[in-house]
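# Observations on the model geometry
This is what each chain is made of:
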Amino acid sequence: MRIGNRGGVLLRYVAMASAYAIAYVALRSVSFSHWSLLAGLRIGCLLLLPRRYWAALLVGEAVPLVYFNLQCLQQFGLAWTVAASVPPLLLAMPFVVWLRDALPGAQRATAQHMSGLLLCSFSASALTAVVDAWVYSFVPPSPTEIKVPLEEAASQYFLGTYLGILVLVPLLLCVFDALTQTKRETWLKLLSAHARVVGEAVALSLSMIVISISAIAAHSEFWLQLAQIVLFIPVVVFALRRGWSGAAFAGAVASCCIVWIMPEHSDRATLLAETAMALAMTTLLMLGARTTVMRRSLHEDWRNLRIARQELFLNELRIRRNIQDLDAVRAKLNLTHGQVMSRLRYCLPGDEELAYRSQLQVAEKDLDLVVGRLAPTEWDSMGHPNALWDGPIAQAVRSFGITYEVEPGGQMSLLAPDIRVALYRLACEMVTYVLTEAPSSRLVLRTYTKSERGIWSVDLDIEGAGSTMLPLGRASVLSSLGSAGLSEEDMRNRASLYKGSLLVNRSHPGFLRVHASLLDTSSDPAHDWVFGEAI
């Protein structure tokens, strides 16, 4: 059994080394000093693969590297062949170990770790450039070719390594994220959910390809340089719309197009364009990572807000369900009490029977008041809330000898049910606050419903507009209105659940006005941004 397990492990190591060697050979054919996709392959594999396979990666790189270097033994000599046969994968390993161990969170680079990823890429590129320049110093002078100065060779090596990492590694991370999502969803569901993103990516790629083909067809150095500059625009736009993943995809396509229209290796204009692209991708990846984190946080806050609002509405439904049960029990009690009274009609004196019936009527009235405070009738046929006009609020205020006036405005029936319920509950708390803080002989309630750019909102004003009264008992006010007696800060927090606000105005002694506004928002603000959304 152990022999079989060892054979399976060895087979996996051989398969990993072979796959890496094939990828290495394929990318080597399209890589050169200032465009090294091999560097991106190294960092990407070290980031995404478990460390137990790092030895297989070393073997997979060393075998083709030594093979290609031995073919150049007679041309460049033994010293260069030995120095160039050291796998560059060894130089990147310490930086990737730091990135995976020192940073918090997951053991791979994410949007939260983009700064660490860029620092790792920059450090690994700098060390690789120094070592490559040292290896280049062993190249013997040739009478047919002019040897590039060492510092210029080092700069090209650094640019190629760093740009290769920026092109390939973020793209590999995007693919890894997509593969992770497919474990929970099928490819068809994933593509249908992100059909807009796929369409934008295809349109972006086609536009860059058209720009490149047009520049090549023009056969003009001016148009080639102009095309290399124009290719920056789609990268910026896609990065702003789709975050760091958009910057990774658009930057990779733009970099490939820049190299595609390059007239010759080590072309000065191409080197400048690649340098600018490396700087732009570094900036846009950091900016995109920050916007992605911010939008995910905004989406999470919105989700928590929706859950809180849903819980409030579900609690209201539970109260209404309990009230219905209470009504059923009340009906049974009335029926039972009526049957008992009819049986005892000839056994009790008339005055005593009337007393029992009056007590029953008082109990029924008190029960009706309790039911009305807990779950009042919400809307009449015209769409105006009876609970605000003639419901428990009006009854409670008038029971204290206070004149109650209502000034409605707008059509509240257009608001969502949870907004209407929240408006009534908040109105109870605001009336309680006004009656307990600054009781007045006249109370005015104003509402105004409006729509701006498709978003409905409602304003609510509670104002003590009469003369000052003696303080009212807080317990009696709470009992009459069925409120919780929220403070000013608590009412403001309740309004903020609906993207609203609350203001308290005490312009002069004895005057108190409370204004609240609620928004009927049903869309996620993380997806309503002017630049689109980040995925």
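Residues numbered from 1 in each chain as written. Predicted model: local features only at pLDDT ≥ 70, side-chain atom pairs only at ≥ 80, totals over all residues. Heavy atoms only, no water.

### Let's talk about the overall build of the protein chain
The helix and strand tally for the protein chain stands at 19 helices and 5 strands. Accessible surface, the protein chain: about 28300 Å² in total, of which carbon and sulfur atoms supply 63%. (Helix = DSSP H or I, 4+ residues; strand = E, 2+ residues; numbered from the N terminus. Areas by Shrake-Rupley, 256 points an atom, 1.4 Å probe, with all protein chains shown as cover.)

### Quick look at the nonpolar core
By size, the foremost hydrophobic cluster in this structure holds 62 residues, and its most contacted members are I43, L46, M208, M277 and L285. Among the nonpolar cores identified, the runner-up in size contains 43 residues, and Y404, I419, A422 and L423 belong to it. (Core = buried A, V, L, I, M, F, W, Y, C linked by side-chain atoms within 4.5 Å. Buried < 20%, exposed > 50% of the residue type's maximum accessible area, 1.4 Å probe, protein only.)

### A closer look at empty space enclosed by the protein
Evaluated as defined, the whole model comprises 2 cavities of 30 Å³ or more. Size it by volume and the second largest cavity reaches roughly 70 Å³. Along its surface, the second largest cavity is lined by A39, R42, I43, P88, A92, A124, S125, T128, T161 and I165. Only α2 (37-48), α7 (114-136) and α8 (150-182) provide two or more residues apiece to the lining of the second largest cavity. Broken down by class, the residue content of the lining of the second largest cavity amounts to 6 nonpolar, 3 polar and 1 charged. (1 Å grid on protein atoms, 1.4 Å probe; cavity = no way out; pocket = protein on both sides within 12 Å on 5 of 7 lines; lining within 4 Å. Points joined across faces, edges and corners; volume = space filled by probe spheres on them. Nonpolar A, V, L, I, M, F, W, Y, C, P; charged D, E, K, R; others polar.)

### A closer look at the packing of helix α12 (residues 232-260) against helix α13 (residues 268-343)
Relative to each other, α12 and α13 sit at 160°, their axes nearing to 9 Å. Taken together, the axes of α12 and α13 are roughly antiparallel relative to one another. Note on packing geometry: the crossing formed by α12 with α13 is left-handed. Residues belonging to the contact of α12 with α13 are distributed by class as follows: 21 nonpolar, 7 polar and 3 charged. (Axes fitted to C-alpha atoms, helices over the stretch in contact; angles between N-to-C directions. Parallel < 35°, antiparallel > 145°, perpendicular 65-115°, else oblique. Left-handed = near helix turned anticlockwise from the far one by under 90°.)

### Considerations on the pattern of salt bridges
All chains considered together, the criterion is met by 13 salt bridges. The salt bridge involving E405 is made with R442; its shortest N-O contact spans 2.9 Å. Pair noted here: E405 is in strand β1 (residues 403-407) and R442 is in strand β2 (residues 442-452), with a separation of 37 residues, a long-range link. On the basis of relative accessibility, which here comes to 29%, the residue R442 falls in the partly exposed class. A salt bridge links R446 to E463; the shortest N-O distance between them is 2.8 Å. (Salt bridge = Lys/Arg side-chain N within 4 Å of Asp/Glu carboxyl O.)

### Regarding the packing of helix α10 (residues 195-218) against helix α11 (residues 221-230)
Two measures define how a pair of helices packs: the angle their axes make with one another and the distance between the axes. One way to put it is that α10 packs onto α11 with a least axis distance of 8 Å and a crossing angle of 170°. Our classification of the angle between α10 and α11 gives roughly antiparallel. In contact with I211, A215, I216 and A218 of α10, α11 contributes W223, L224, A227 and V230. Residues of the contact of α10 with α11, tallied by class, amount to 8 nonpolar, no polar and no charged. (Contact = heavy atoms within 4.5 Å.)

### What about the environment of A250?
Checked against the element boundaries, A250 lands in helix α12. Using a relative accessible area of 0% as the deciding quantity, one classes A250 as buried. Distance in space between the C-alpha atoms of A250 and V236 is 8.3 Å, their sequence separation being 14 residues. Those residues within four positions of A250 in sequence are excluded, and the remaining contacts are L204, M208, P234, V235 and F238.

### Digging into the layout of surface pockets
Each pocket or cavity is described by its volume, and for the largest pocket that value is around 1400 Å³. Only α1 (2-28), α2, α3 (54-70), α4 (73-76), α5 (78-84), α7 and α8 provide two or more residues apiece to the lining of the largest pocket. Looking at the lining of the largest pocket element by element, the count peaks at 5 residues for α7.

### Considerations on the pairing of β2
Sheet topology places β1 next to β2; 5 bridges connect them, and they run parallel. Residue pairing across strands places E407 opposite R446, the latter belonging to β2. As paired elements, β2 and strand β3 (residues 455-464) share 10 bridges and run antiparallel to each other. Opposite R446, over in β3, you have D461 as the bridge partner. (Pairing = 2+ DSSP bridges.)

### Some points on the packing of aromatic side chains
Going through the model one piece at a time under the given rule, you end up with 9 aromatic pairs. Consider the rings of Y13 and Y53, whose centres lie 5.5 Å apart with planes at 50°: the pair is tilted. With a gap of 40 residues between them, Y13 in helix α1 and Y53 in the loop between α2 and α3 connect regions that are remote in the sequence. On the basis of relative accessibility, which here comes to 11%, the residue Y53 falls in the buried class. These aromatic residues form a ring-pair network of at least three members: F122, F158 and Y162. Sitting over the face of the ring of Y136, K147 holds its NZ or CZ atom 5.3 Å from the ring centroid. (Phe/Tyr/Trp six-rings, centres within 6.5 Å; stacked < 30°, edge-to-face > 60°. Lys NZ or Arg CZ within 6 Å of the ring centre and 35° of its normal.)

### A few points about the sheet that holds β3
Two modes of strand pairing occur in sheets, parallel and antiparallel, and in both the strands are linked by backbone hydrogen bonds. Spatially, 5 strands are ordered β1-β2-β3-β5-β4 in an open sheet, and the strand pairing comes out mixed. One side of each edge strand has no neighbouring strand; the edge strands of this open sheet are β1 and β4 (501-505). Ignoring which end each strand starts from, the neighbouring axes of this sheet average 10° apart. Across 9 bridges, β3 lies against strand β5 (residues 512-520) in antiparallel orientation. Within β5, the residue paired with E463 across the bridge is R513. With respect to the sheet, helix α17 (residues 417-437) is in contact with β2, β3, β4 and β5, its orientation differing from that of β5 by roughly 170°.

### Notes on the side chain of R295
Topologically, R295 is positioned in helix α13. A polar side-chain atom of R295 sits 3.1 Å from the main-chain carbonyl oxygen of L240. (Polar contact = N/O pair within 3.5 Å; in protein donor to acceptor, adjacent residues only side chain to side chain.)

### Examining α3
With 17 residues, α3 extends 24 Å between its outermost C-alpha atoms, agreeing within 8% with the 24 Å of an ideal straight helix rising 1.5 Å per residue. Every buried residue of α3 is listed here: W54, A56, L57, G60, E61, P64, L65 and N69. (Expected span 1.5 Å × (residues − 1).)

### Description of the confidence of the model for the protein chain
The predicted model of the protein chain averages 81 in pLDDT, with 87% of residues at 70 or higher. Helix α9 (residues 187-193) is the least confidently modelled element of the protein chain, averaging 61 in pLDDT, while α3 averages 93, the highest of any element. Note on residues 105-109: pLDDT under 50 across the span, and 13 contacts to partners over four residues away in sequence or across chains. Confidence drops under a pLDDT of 50 for residues 526-535, and excluding neighbours within four residues, the segment shows 29 contacts in the predicted structure. (pLDDT = per-residue confidence, 0-100.)

### A short note on the environment of F249
Looking at the secondary structure, you find F249 in helix α12. When the C-alpha positions of F249 and S205 are compared, they lie 9.3 Å apart, and in sequence the two are 44 residues distant. Setting aside chain neighbours within four positions, we find F249 in contact with L171, A201, L204, S205 and F238.

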